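A closer look at the structure
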Amino acid sequence: MTALMISTITVKRPDKLQEYLPKVKVLGAEFGAQMVFSGPAAGSVVGALDHQMVVIVRFPTLDHIDDLFASEAYQPLIALRQEAADMSIIKYQE
């Protein structure tokens, strides 16, 4: 069963985010990641808009998401991610 990873992002350092996103995209491809959508929030229909942008990525399974974030190659990107933005990264089973 496929899985979705949805990241809501509030940017702290645009330069660092522009460094992080291409690196994690290349690494994610090794784990079967397929970009569904990436872009700025356009507004809220109901409730407060508490982030600036969203990234939605499809993976073959939930395990692929876990394996990406646990991978040795991802570990150096954690500090860069934390410097770049505040993120909530949630996974969903399709």
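First things first, this report covers the structure right here in the doc. (Residues numbered from 1 in each chain as written. Predicted model: local features only at pLDDT ≥ 70, side-chain atom pairs only at ≥ 80, totals over all residues. Heavy atoms only, no water.)

Taken as a whole and judged by the stated rule, the model has seven salt bridges. The salt bridge involving arginine 13 is made with aspartate 15; its shortest N-O contact spans 2.9 Å. For arginine 13, a relative accessible area of 33% gives the class partly exposed. Here lysine 23 and glutamate 19 are joined by a salt bridge, their closest N and O atoms 3.4 Å apart. Taken together, the positions of lysine 23 and glutamate 19, both in helix H1 (residues 14-29) and four residues apart, correspond to about one turn of that helix. (Salt bridge = Lys/Arg side-chain N within 4 Å of Asp/Glu carboxyl O. Buried < 20%, exposed > 50% of the residue type's maximum accessible area, 1.4 Å probe, protein only. Helix = DSSP H or I, 4+ residues; strand = E, 2+ residues; numbered from the N terminus.)

Attention now moves to the environment of aspartate 15. Relative to the elements of secondary structure, aspartate 15 occurs in helix H1. With a relative accessible area of 45%, aspartate 15 lands in the partly exposed category. Separated by 26 residues in sequence, aspartate 15 and alanine 41 place their C-alpha atoms 19 Å apart. A polar side-chain atom of aspartate 15 sits 2.9 Å from a polar atom in the side chain of arginine 13. (Polar contact = N/O pair within 3.5 Å; in protein donor to acceptor, adjacent residues only side chain to side chain.)

Before going further, it helps to examine the nonpolar core. Of all hydrophobic cores here, the largest spans 19 residues; its most connected members are Ile9, Leu17, Tyr20, Leu27, Phe59, Tyr74 and Leu77. Put simply, the parts of the chain that give this core at least two residues each are strand E1 (3-11), H1, strand E3 (53-59), helix H2 (62-70) and helix H3 (75-84). (Core = buried A, V, L, I, M, F, W, Y, C linked by side-chain atoms within 4.5 Å.)

A few words on H1. Between its terminal C-alpha atoms H1 stretches 23 Å, which fits the 22 Å expected from 16 residues at 1.5 Å a residue. Of all the residues in H1, the buried ones are Lys16, Leu17, Tyr20, Val24, Leu27 and Gly28. When H1 is viewed along its axis, its buried side chains cluster within an angular range of 100 degrees and face the same direction. More than 90 degrees from the buried face of H1, the exposed residues found are Pro14, Gln18, Lys25, Val26 and Ala29. As for H1, its buried residues are in contact with E1, E3, H2, H3 and strand E4 (85-93). (Expected span 1.5 Å × (residues − 1). Arc of directions from axis to C-beta. Contact = heavy atoms within 4.5 Å.)

In short, shape yes, function no, at least from these values alone.
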